Amino acid sequence: MEKPEKEQPNNPLHGVKLQDILEYLTSKYSWEDLAGQVNINCFKKDPSIKSSLKFLRKTPWARKKVEYLYLQSIKRPCR
């Protein structure tokens, strides 16, 4: 029997996968731009979605910064 998903009406990230966030951000910004906004090595040295996912899944403080950038970028149009 499947567990019903908990309702989270006030959580804008509910149901959004980290991979989807990274794909969105890399479609809007270059890796260089991302590294300038979130100072983490996985955006600076040999960046890729795969390496970023691996790092961000293990590093809550960095993930929070990336999620914040995502939320800000969907609220306002890209430069």
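Procedures and definitions
- Residues numbered from 1 in each chain as written.
- Predicted model: local features only at pLDDT ≥ 70, side-chain atom pairs only at ≥ 80, totals over all residues.
- Heavy atoms only, no water.
- Buried < 20%, exposed > 50% of the residue type's maximum accessible area, 1.4 Å probe, protein only.
- Helix = DSSP H or I, 4+ residues; strand = E, 2+ residues; numbered from the N terminus.
- Arc of directions from axis to C-beta.
- Contact = heavy atoms within 4.5 Å.
- Phe/Tyr/Trp six-rings, centres within 6.5 Å; stacked < 30°, edge-to-face > 60°.
- Core = buried A, V, L, I, M, F, W, Y, C linked by side-chain atoms within 4.5 Å.

## A word on helix α4 (residues 49–58)
So, step 1. Within α4 the residues assigned to the buried category are Ser52, Leu53 and Leu56. Buried residues of α4 fall within an arc of 100° about the axis and therefore sit on the same side. In this structure, α4 carries Lys50, Lys54 and Lys58 as exposed residues pointing more than 90 degrees from its buried face.
So, step 2. Against the buried residues of α4 lie α1 (18–28), α2 (31–37), α3 (41–44) and α5 (60–75).

## Examining α1
So, step 1. Among the residues of α1, those classed as buried are Leu18, Ile21, Leu22 and Leu25. Projected down its long axis, α1 carries its buried residues within an arc of 95°, all on one side.
So, step 2. Along its buried surface, α1 packs onto α2, α3, α4 and α5.

## Things to note about the packing of aromatic side chains
So, step 1. The final tally for this structure, using the stated rule, is 2 aromatic pairs.
So, step 2. Relative to Tyr70, the ring of Tyr24 lies with its centre 5.4 Å away and its plane at 90°, an arrangement referred to as edge-to-face. Of this pair, Tyr24 sits in helix α1 while Tyr70 sits in helix α5, placing them 46 residues apart in sequence.
So, step 3. Residue classification places Tyr70 among the buried positions, given a relative accessible area of 12%.
So, step 4. Ring centres of Trp31 and Phe43 lie 5.6 Å apart, and the angle between their planes is 55°; this geometry places the pair in the tilted category. Of the two residues, Trp31 is situated in helix α2 and Phe43 in helix α3; the sequence distance between them amounts to 12 residues.
So, step 5. By relative accessible area, which is 1% here, Phe43 ends up buried.

## Concerning the nonpolar core
A general trend in soluble globular proteins is that nonpolar side chains are found buried together.
So, step 1. Counting 19 residues, the largest nonpolar core has Leu25, Ile40, Phe43, Leu56 and Val66 as its most contacted members.
So, step 2. Top contributing element to this core by residue count: α5, with 5 residues.
So, step 3. The contact partners of Leu56, leaving out residues within four places of it in the chain, are Leu18, Leu22, Ile40, Ala62, Arg63 and Val66.

All we've got here are geometric facts, nothing functional implied.
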